[in-house]
Amino acid sequence: MAMDIRRMLVLVEVARAGSLTAAAERLNYTVSAVSQQIGQLEDEAGQPLVERRPRGVTLTESGQAVVRHAEQIERAVRAAHEELGEISGLRRGTLRLGTIPTVTESFLSEAIAAFREHHPQIDLRVHSAARSDIGHLLASREIDLAITWTREEEESSEAAGARTELIRRDPSILLVPAGHPLAGRRSVRMEELRHEPWIIRTSSNVLALLQDACEAAGFSPVVSFEARSYQEAQAMVAVGMGIALVPQLSLYSLREDIAVITAISPRPPARRIVLARRRSERLSPAGTAMGTILLETGRAWKAERG
């Protein structure tokens, strides 16, 4: 029969106090309750653990062995409580954050600076990945929290196994060369872009956004260049390879030889920048703190630059 850990710890108090009566006072038990606990522990051990004497009790050799092991358990429990206190107090812990490149290049640095200022003892690790990889990293527990994006029509259909919270809407905007006939315009209709060549960032998800916008205007886009980054896309727009529909967050650094048109009708699809975590799991205190900072920073960044 396994020995009950709580009864083992009662025996530790008896050994320290030297009597059942003194141990009962320390534990706020009755003497009878302490005696019953010791008796049951002896039944579980299969041998006597204490010798009762007129002026207290002494431990048998078996009792001394049980107390040694019980004290190790007591120290382990105390250490666990101390470590949990440090984690809950954000004095210790690791947080693994996943993010998409456009967030890394825009407001994430501000969020990280704020987090480190308030919680310098947390080991923060950041993994930048494509949207298609973020979900896998979250599901496989390689990251604890993620910033990713969904299409607007996915607002009520969260990814399986993940719970999301909106940080900000990231509208699509049009980039044209500085010398383009549309460069001086404040607004444009998608129908006017029917014969334009397009530059996209290499991603089936990004291409789908462009196709939706063009098909709503009655034509299919002709892609002239597939860029690996939005900065590469800007370079190709600048030399006249085509025009590009890009998310507003990608304009953290804008070339001088490019013009931006923000008023597009009908309004093209926008991305929803969201904070994602595993469904039905509580975030660690560090994750909760970072989530709050990301929500606040992302929304403020939009207010300042959007």
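Report follows, based on the coordinates. (Residues numbered from 1 in each chain as written. Predicted model: local features only at pLDDT ≥ 70, side-chain atom pairs only at ≥ 80, totals over all residues. Heavy atoms only, no water.)

### Some thoughts on the overall build of the protein chain
Thought 1: The helix and strand tally for the protein chain stands at 10 helices and 14 strands.
Thought 2: The C-alpha atoms of the protein chain give 32 Å as radius of gyration, which overshoots the globular expectation for 306 residues (19 Å, by more than 25%).
Thought 3: Every one of the 306 residues in the protein chain was classed for burial, and the buried ones make up 41%.
Thought 4: A total of about 16200 Å² of accessible surface is found on the protein chain, and carbon and sulfur atoms cover 49% of it.
Thought 5: Placing the 38 positive and 39 negative side-chain charges of the protein chain at their respective mean positions leaves the two points 2 Å apart. (Helix = DSSP H or I, 4+ residues; strand = E, 2+ residues; numbered from the N terminus. Rg over C-alpha atoms; globule rule 2.2 N^0.38 Å. Buried < 20%, exposed > 50% of the residue type's maximum accessible area, 1.4 Å probe, protein only. Areas by Shrake-Rupley, 256 points an atom, 1.4 Å probe, with all protein chains shown as cover. Lys, Arg positive; Asp, Glu negative; His and termini not counted. Charge placed at Lys NZ, Arg CZ, Asp CG, Glu CD.)

### Things to note about the environment of Ser-229
Thought 1: With respect to the helices and strands, Ser-229 occurs in the loop between β10 (222-227) and α9 (230-238).
Thought 2: Given a relative accessible area of 29%, Ser-229 falls into the partly exposed group.
Thought 3: Between the C-alpha atom of Ser-229 and that of His-195, which follows or precedes it by 34 residues, the distance is 24 Å.
Thought 4: Reaching out from Ser-229, the side chain makes a polar contact with the backbone nitrogen of Glu-232 at a distance of 3.1 Å. (Polar contact = N/O pair within 3.5 Å; in protein donor to acceptor, adjacent residues only side chain to side chain.)

### Focus on the nonpolar core
Thought 1: One finds Phe-115, Ile-147, Ile-273 and Leu-294 to be the most contacted residues of the largest nonpolar core, which totals 34 residues.
Thought 2: Secondary-structure elements contributing two or more residues to this core are β3 (94-99), α6 (108-118), α7 (131-139), β5 (145-151), β6 (162-170), β14 (271-278) and α10 (285-305).
Thought 3: At 7 residues, α10 tops the list of elements feeding residues into this core.
Thought 4: If sequence neighbours within four positions are ignored, Ile-273 has contacts with Ile-100, Val-103, Phe-107, Ile-147, Thr-148, Trp-149, Glu-165, Leu-166, Ile-167, Arg-168, Asp-170 and Leu-249.
Thought 5: In terms of nonpolar packing, the next biggest core, distinct from the first, is built from 18 residues, Val-176, Ala-217, Phe-219 and Ile-261 among them. (Core = buried A, V, L, I, M, F, W, Y, C linked by side-chain atoms within 4.5 Å. Contact = heavy atoms within 4.5 Å.)

### Considerations on the packing of helix α2 (residues 20-27) against helix α3 (residues 31-45)
Thought 1: In contact at an axis separation of 8 Å, α2 and α3 are set at 105 degrees when each is read in the N-to-C sense. Taken together, the axes of α2 and α3 are roughly perpendicular relative to one another. The segment α2 lies against α3, with Leu-20, Thr-21 and Ala-24 engaging Val-31, Val-34, Ser-35 and Ile-38.
Thought 2: Across the contact of α2 with α3, the residue classes tally to 5 nonpolar, 2 polar and no charged. (Axes fitted to C-alpha atoms, helices over the stretch in contact; angles between N-to-C directions. Parallel < 35°, antiparallel > 145°, perpendicular 65-115°, else oblique. Nonpolar A, V, L, I, M, F, W, Y, C, P; charged D, E, K, R; others polar.)

### Quick word on the sheet that holds strand β7 (residues 172-177)
Thought 1: Here we have 3 strands laid out as an open sheet, ordered β11-β7-β12, and antiparallel in their pairing. Whereas interior strands pair on both sides, the edge strands pair on one side only; in this sheet they are β11 (244-247) and β12 (258-261). Direction aside, the axes of adjacent strands within the sheet are offset by 35 degrees on average.
Thought 2: In this structure, β7 lies alongside β11, joined through 4 bridges in antiparallel fashion. Bridge pairing links Leu-174 to Leu-245 in β11.
Thought 3: Helix-sheet contacts for α9 involve β7, β11 and β12, and the interaxial angle to β7 is about 40 degrees. (Pairing = 2+ DSSP bridges.)

### Here we look at the environment of Gly-135
Thought 1: Among the secondary structure elements, Gly-135 is positioned in helix α7.
Thought 2: Spatially, the C-alpha atoms of Gly-135 and Cys-214 are 28 Å apart, while their sequence positions differ by 79 residues.

### Digging into the layout of surface pockets
Thought 1: Taken as a whole, the second largest pocket holds about 310 Å³ of empty space.
Thought 2: In terms of residue count, the dominant contributor to the lining of the second largest pocket is helix α8 (residues 204-216) (3 residues).
Thought 3: In terms of residue class, the lining of the second largest pocket is made up of 7 nonpolar, 6 polar and 4 charged. (1 Å grid on protein atoms, 1.4 Å probe; cavity = no way out; pocket = protein on both sides within 12 Å on 5 of 7 lines; lining within 4 Å. Points joined across faces, edges and corners; volume = space filled by probe spheres on them.)

### Quick word on the pattern of salt bridges
If charged atoms from side chains of opposite charge come close, those side chains can pair.
Thought 1: Applying the stated criterion across every chain yields a total of 17 salt bridges.
Thought 2: The partner of Glu-74 in a salt bridge is Arg-16, and the shortest N-O contact between them spans 2.6 Å. Remark: Arg-16 occurs in helix α1 (residues 5-17) and Glu-74 occurs in helix α4 (residues 61-88); sequence separation between them is 58 residues.
Thought 3: The class for Arg-16 is partly exposed, based on a relative accessible area of 40%.
Thought 4: Ionic pairing is found between Arg-168 and Asp-170, a salt bridge with its closest N-O pair at 3.8 Å.
Thought 5: Three or more residues joined by partner-sharing salt bridges are found here, namely Glu-13, Arg-16, Arg-26, Glu-74 and Arg-78. (Salt bridge = Lys/Arg side-chain N within 4 Å of Asp/Glu carboxyl O.)

### Things to note about the packing of aromatic side chains
Thought 1: For the structure shown, the criterion picks out 0 aromatic pairs.
Thought 2: Lying across the ring of Trp-149, Arg-131 places its NZ or CZ 4.3 Å from the centre. (Phe/Tyr/Trp six-rings, centres within 6.5 Å; stacked < 30°, edge-to-face > 60°. Lys NZ or Arg CZ within 6 Å of the ring centre and 35° of its normal.)

### Comments concerning empty space enclosed by the protein
Thought 1: Inspection of every chain in the model, using the stated rule, returns 1 cavity of 30 Å³ or more.
Thought 2: Size it by volume and the largest cavity reaches roughly 80 Å³.
Thought 3: Asp-170, Pro-171, Ser-172, Val-206, Leu-209, Leu-210, Tyr-230, Leu-245, Val-246, Pro-247 and Arg-271 together form the lining of the largest cavity.
Thought 4: Among the secondary structure elements, those contributing two or more residues to the lining of the largest cavity are α8 and β11.
Thought 5: Its residues assigned to classes, the lining of the largest cavity shows 8 nonpolar, 1 polar and 2 charged.

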